[in-house]
Amino acid sequence: MNIVHILGRGIEGCGVTKFSVEFRNWCKKNGHTHNTYAPTDKNWTRGNAHEIDDSVHQWRWGNKPKRGESDFGIDKIVEACNNADAVYISSLPSKSHPHDCISSYIELLERVKKPIAMIQHDHNMNSITRNAALNETINRADVIYAFNKNSKFSNYVKALSEKDIVEYINGMDMQSIRDKHWKPIEEQDIDHLKWVGRYAPWKGMDVVFDLAKQYKAKYTLEGLERSIGYTVMRDKFEFNELTNEFNMDFQKGLPYVLGPYVHSEMLDRLSKCAFGFQLTRLDAQFIKSFLEYTHLEVVACGTIPIFRKSYGDACMHPQTGNMLTADKDTGTLWAPEPGGDMQELMCSISKLQRDSVLRDETREKAFAYYNSHSHGDYSFNHILDSTRKEVTNQ
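Residues numbered from 1 in each chain as written. Predicted model: local features only at pLDDT ≥ 70, side-chain atom pairs only at ≥ 80, totals over all residues. Heavy atoms only, no water.

### Details of the overall build of the protein chain
Secondary structure summary: the protein chain contains 15 helices and 14 strands in total. The burial tally for the protein chain puts 57% of its 394 residues in the buried class. In the protein chain, of all internal contacts separated by at least 6 residues, the share reaching a separation of at least 24 is 74%. Of the side chains in the protein chain, 49 bear a positive and 53 a negative charge, and the two mean positions are spaced by 2 Å. (Helix = DSSP H or I, 4+ residues; strand = E, 2+ residues; numbered from the N terminus. Buried < 20%, exposed > 50% of the residue type's maximum accessible area, 1.4 Å probe, protein only. Contact = heavy atoms within 4.5 Å. Lys, Arg positive; Asp, Glu negative; His and termini not counted. Charge placed at Lys NZ, Arg CZ, Asp CG, Glu CD.)

Rendered as structure tokens:
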């Protein structure tokens, strides 16, 4: 299958970029052609976080090229789309993109004659409606994917176009990360607990700070940067100031806050820690079976996952049909809400720190469980098969 993947917002370096990388890798592994097109009309601070190869084509979509570049506009993209079997759109230009870039994107929608699938990665309608050409994309799309049929976005789509949502989950090749980064159990620092993400209140770093007050260990938080959000965090929590010294000699006590990372280098640092946090807080309507890539990366690196219990209570494993917290042998430690009783979590951490055999068994259970949840053969096959089905039935 020949696939064109449109990232109308550009290469942001966050979850959408990670999805495009995983989709590309899975397609290549399974005999499909995959090319990504993204505008450079707006720059992103994390644009270089992920590995980008020559299947990703970037230039200005507006009326003029960048100095020293010859490519611009959408003619080549339209040609590639019309030579493809299907076109997937994972992000739209923001309303703050240049006007000529937005106009070119809308023209692209009009000129593409092949099936178009819209993949919605965001949760919050306030964020979704900050996109330009949202209605135009929904109306043009032959099939629309989202994490949950029962969400505000799904209701918005139905009110606008009467189209049904097809549910999907993030797919990831966890084995490839394991092959590159998984460390022998004796090489991990049993006292090091790491959180990875960007600043957003719903990313859950407040749980880390709450635990750090009660349990003495080395705490690091990677991926933050000097911003308004960082100022808010500094006023709210006590920690060692932001630094880019990722490999410094961390001490037990106050958490260390570290800046933006190169993705592969972050994974290697994470793999040297005995425990990894992913503490996202979302309303149940946004979740269904959705796991963030950082959930999966914590596990794939061989660290013991510490996930938010309220999230596990609302997230269903697509194979077992159970909520994550109801399944047995998941290899997961569950964290309470800030201000909650941390005693059970602290006892579990302490027990695993003292027993390397048990820790090794626990991380193996976690890998098996979450790999069965989000394996690319399940996720991406579902996306391609349902696209064929939806287009055939129209």
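So, next bit.
### Some details on the sheet that holds strand β2 (residues 33-39)
Within the open sheet, the seven strands sit side by side as β3-β2-β1-β4-β5-β6-β7. Their pairing is parallel. Two strands bound the open sheet, and with one partner strand each, they are β3 (56-59) and β7 (165-167). Strand-to-strand twist across the sheet, computed as the mean angle between neighbouring axes with direction ignored, equals 25°. Pairing geometry for strand β5 (residues 116-119) and strand β6 (residues 143-146), over three bridges, is parallel. Note that in β6 the partner of Ala-117 across the bridge is Val-143. Docked against the sheet, helix α1 (residues 15-29) engages β1 (2-7), β2, β3, β4 (86-91) and β5, running at close to 170° with respect to β1. (Pairing = 2+ DSSP bridges. Axes fitted to C-alpha atoms, helices over the stretch in contact; angles between N-to-C directions.)

### Remarks on the nonpolar core
Of all hydrophobic cores here, the largest spans 50 residues; its most connected members are Phe-19, Phe-23, Tyr-88, Tyr-145, Met-174 and Tyr-370. Among the elements that line this core, the one with the most residues is helix α11 (residues 293-300), at five residues. Apart from residues no more than four positions distant in its own chain, Tyr-88 is found in contact with Met-1, Ile-3, Val-4, His-5, Ile-6, Phe-23, Ala-117, Ile-119, Tyr-145, Ile-383, Leu-384 and Thr-387. (Core = buried A, V, L, I, M, F, W, Y, C linked by side-chain atoms within 4.5 Å.)

### Comments concerning the layout of surface pockets
If you add up the space inside the second largest pocket, you get close to 540 Å³. Along its surface, the second largest pocket is lined by 28 residues, and Lys-18, Glu-22, Asn-25, Ser-176 and Lys-180 are the ones closest to its centre. Put simply, the parts of the chain that give the lining of the second largest pocket at least two residues each are α1, α7 (174-181), α10 (263-271) and α15 (376-393). By residue class, the composition of the lining of the second largest pocket is nine nonpolar, eleven polar and eight charged. (1 Å grid on protein atoms, 1.4 Å probe; cavity = no way out; pocket = protein on both sides within 12 Å on 5 of 7 lines; lining within 4 Å. Points joined across faces, edges and corners; volume = space filled by probe spheres on them. Nonpolar A, V, L, I, M, F, W, Y, C, P; charged D, E, K, R; others polar.)

### Quick notes on the packing of aromatic side chains
The final tally for this structure, using the stated rule, is 18 aromatic pairs. Ring centres of Phe-307 and Trp-334 lie 6.3 Å apart, and the angle between their planes is 65°; this geometry places the pair in the edge-to-face category. Separated by 27 residues along the polypeptide, Phe-307 in strand β13 (residues 304-308) and Trp-334 in strand β14 (residues 333-335) bring together distant segments of the chain. Phe-307 gets classed as buried once you look at its relative accessible area, which sits at 2%. These aromatic residues form a ring-pair network of at least three members: Phe-19, Phe-23, Trp-26, Tyr-88, Tyr-145, Phe-147, Tyr-168, Phe-290 and Phe-380. (Phe/Tyr/Trp six-rings, centres within 6.5 Å; stacked < 30°, edge-to-face > 60°.)

### A short note on the packing of helix α13 (residues 343-354) against helix α14 (residues 356-374)
Look at α13 against α14: their axes get within 5 Å of each other, and the N-to-C directions meet at 115°. Compared by their axis directions, α13 and α14 come out roughly perpendicular. Between α13 and α14, the contacting residues are Lys-351, Leu-352, Gln-353 and Arg-354 on the first element and Ser-356, Leu-358, Arg-359 and Thr-362 on the second. In terms of residue class, the contact of α13 with α14 is built from two nonpolar, three polar and three charged. (Parallel < 35°, antiparallel > 145°, perpendicular 65-115°, else oblique.)

### Here's the deal with the pairing of strand β9 (residues 218-222)
Regular strands show a simple pattern: their side chains alternate between the two faces of the sheet. Of all five residues in β9, five are buried; the element is thus mostly enclosed. Where burial is concerned, the two faces of β9 agree: the one with Lys-218, Thr-220 and Glu-222 and the one with Tyr-219 and Leu-221 are both buried. Looking at chain direction, strand β8 (residues 189-196) and β9 are connected through five bridges and run parallel. Following the sheet pairing, Trp-195 is matched in β9 by Leu-221. Strand direction decides the pairing type here: β9 and strand β11 (residues 256-258), joined by two bridges, are parallel. Following the sheet pairing, Leu-221 is matched in β11 by Val-257.

### Points about unusual backbone geometry
For Ala-133, which is not a glycine, the phi torsion comes out positive at approximately 60°. Considering the arrangement of structural elements, one finds Ala-133 in the loop between α4 (125-128) and α5 (134-140). Notably, Glu-162 is not glycine yet its phi reads approximately 65°, a positive angle. Mapped onto the elements, Glu-162 comes out in the loop between α6 (152-161) and β7.

### Here we look at helix α9 (residues 228-236)
Here α9 has its buried residues at Gly-229, Tyr-230 and Met-233. Axial view of α9: buried residues confined to an arc of 100°, hence all on one face. Exposed side of α9, more than 90 degrees from the buried face: Ile-228 and Asp-235 are the residues found there. Buried positions along α9 lie against α8 (205-214), β10 (240-243) and β11. (Arc of directions from axis to C-beta.)

### A few points about the sheet that holds β11
On the basis of which strands lie adjacent, the open sheet formed by seven strands has the order β10-β11-β9-β8-β12-β13-β14 and parallel pairing. Both outer strands of the open sheet, β10 and β14, are each paired with one neighbouring strand and no more. Adjacent strand axes in the sheet meet at a mean angle of 25°, parallel and antiparallel pairs treated alike. Sheet analysis places β10 next to β11, joined by two bridges and oriented parallel. Paired with Thr-243 across the strands is Leu-258, a residue of β11.

### Brief notes about empty space enclosed by the protein
One way to see where empty space is left: roll a probe the size of a water molecule over the atoms. Inspection of the entire model under this criterion finds one cavity of 30 Å³ or more. Taken as a whole, the largest cavity spans an internal volume of roughly 90 Å³. In terms of lining, the largest cavity is formed by Gln-120, Asp-122, His-123, Ile-128, Ala-146, Phe-147, Asn-148, Ser-151, Lys-152, Phe-153, Gln-285 and Phe-286. Looking at the lining of the largest cavity residue by residue, the classes come out as five nonpolar, five polar and two charged.

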